[in-house]
Amino acid sequence: MKKNLLSIIILALLIVNIVLTAIMMFSVVGASKKTSQLVTDIASVLKLELEGGPDGSAVRDVPLSQTEVYNVPELTVAMRAEEGVEGTQYCLVSIVLSIDTKAKGYKDYGSAETMESYSPLISSEINTVLGSYTVNELKSPAAQDEAKARILASLQKMFDSDFIYNVSFSDIKFS
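Rules of the game
- Chains are numbered independently. Their residues run from 1 in the order of the written sequence.
- Given that this is a predicted model, residues contribute local features only at a pLDDT of at least 70 and side-chain atom pairs are listed and counted only at 80 or more, while totals for whole chains, interfaces and linings are drawn from all residues.
- Side-chain measures here rest on the full set of heavy atoms in the structure, leaving out hydrogens and waters.
- Detection works on a 1 Å grid of protein atoms alone, calling trapped sets that fit a 1.4 Å probe cavities and calling open sets with protein on both sides within 12 Å along at least five of seven lines pockets, with lining residues defined by an atom within 4 Å of a point.
- Grid points are joined across faces, edges and corners, and a volume is the space filled by probe spheres set on the points.
- Three categories are distinguished: nonpolar for Ala, Val, Leu, Ile, Met, Phe, Trp, Tyr, Cys and Pro, charged for Asp, Glu, Lys and Arg, and polar for the others, with Gly belonging to the last.
- Within this analysis, patches are made of residues with over 30% relative accessible area and no salt bridge. Like charges are joined at 9 Å or less; nonpolar side chains (Val, Leu, Ile, Met, Phe, Trp, Tyr) at 5 Å or less.
- Accessible surface area values rest on a Shrake-Rupley calculation with a 1.4 Å probe, where residue burial reflects the displayed protein chains alone.
- The rule for a salt bridge is simple: a side-chain nitrogen of Lys or Arg has to be within 4 Å of a carboxyl oxygen of Asp or Glu.
- Under the DSSP-based scheme used, a helix requires at least four consecutive residues in state H or I and a strand at least two consecutive residues in state E, with every element numbered from the N terminus.
- Each residue is placed in one exposure class: buried if its accessible area under a 1.4 Å probe, protein chains only, is under 20% of its type's maximum, exposed if it is over 50%, and partly exposed if it falls in between.
- Think of a nonpolar core as a cluster: buried Ala, Val, Leu, Ile, Met, Phe, Trp, Tyr and Cys residues, connected wherever their side-chain atoms sit within 4.5 Å.
- Any two residues whose heavy atoms approach within 4.5 Å at even a single point are treated as in contact.

The next subject is empty space enclosed by the protein. Tallied over the entire structure, the rule returns one cavity of 30 Å³ or more. As a volume, the largest cavity reaches approximately 40 Å³. In terms of residue class, the lining of the largest cavity is built from three nonpolar, three polar and two charged.

Residues L6, I10, L11, L14, I15, V16, V19, L20 and I23 make up a contiguous nonpolar surface patch of roughly 840 Å² in combined accessible area. If you trace the backbone, V16 turns up in helix α1 (residues 2-51). The partly exposed category is assigned to V16, whose relative accessible area is 45%.

A few words now on the nonpolar core. Counting residues in each nonpolar core, the largest one holds 31 residues, and the members touching the most others are I95, L97 and L130. Counting only elements with at least two residues in this core, the list comes to β1 (67-78), β2 (90-100), α4 (119-131), α5 (135-138), α6 (141-159) and β3 (164-174). Here this core gets six residues from one element, more than from any other, and that element is α6. Every residue in contact with L130, bar those within four places of it in the chain, is listed here: V77, M79, V93, I95, L138, A147, I151 and F169.

Looking now at the pattern of salt bridges. Pairing between side chains of opposite charge can happen when the charged atoms of each approach one another. Tallied over the full model, the rule gives two salt bridges. A salt bridge links R80 to E137, with the shortest nitrogen-to-oxygen separation between them at 3.0 Å. Residue R80 is located in the loop between β1 and β2, and its partner E137 is located in helix α5; the two are separated by 57 residues in the primary sequence. For R80, a relative accessible area of 39% gives the class partly exposed. For E137, a relative accessible area of 32% gives the class partly exposed. Salt-bridge contacts for D171 lead to K173; the nearest nitrogen and oxygen are separated by 3.3 Å.

Pasting the structure below:
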């Protein structure tokens, strides 16, 4: 009799365990679906943010085989004055432009000789954009990314083409 009573208690505990596991499973699955949907929504927003350029245009993924680089001669840029700082502050910057050799406008403007002839205009655009920042502003990576985006948009507008698809600071120093 004791064995039967013990077996009935074990069976009852097993049934309670199964019921509690089922309840827990349904509550966890619901929360898990909501969490999964939240992660999916965040990932889609981040993907949109990564795909969008500074002016809302899509950032292109250009293979290295059709990329050409143009090194802008080193520039010394007079920075916007900061409050409480005496004298003019400068930024010494080396910039690299990434050029898509298959893009519309490359044949007209993208060759090394042509880019060299437009070097003063390119330098002027870069000076205008970077000169609008203070040294302390431009030291932050976020401001540097914003400046790169503004330079890119300015150059694309100047050439009326998007054959320049990326702007990089290869070296930047402040004084």
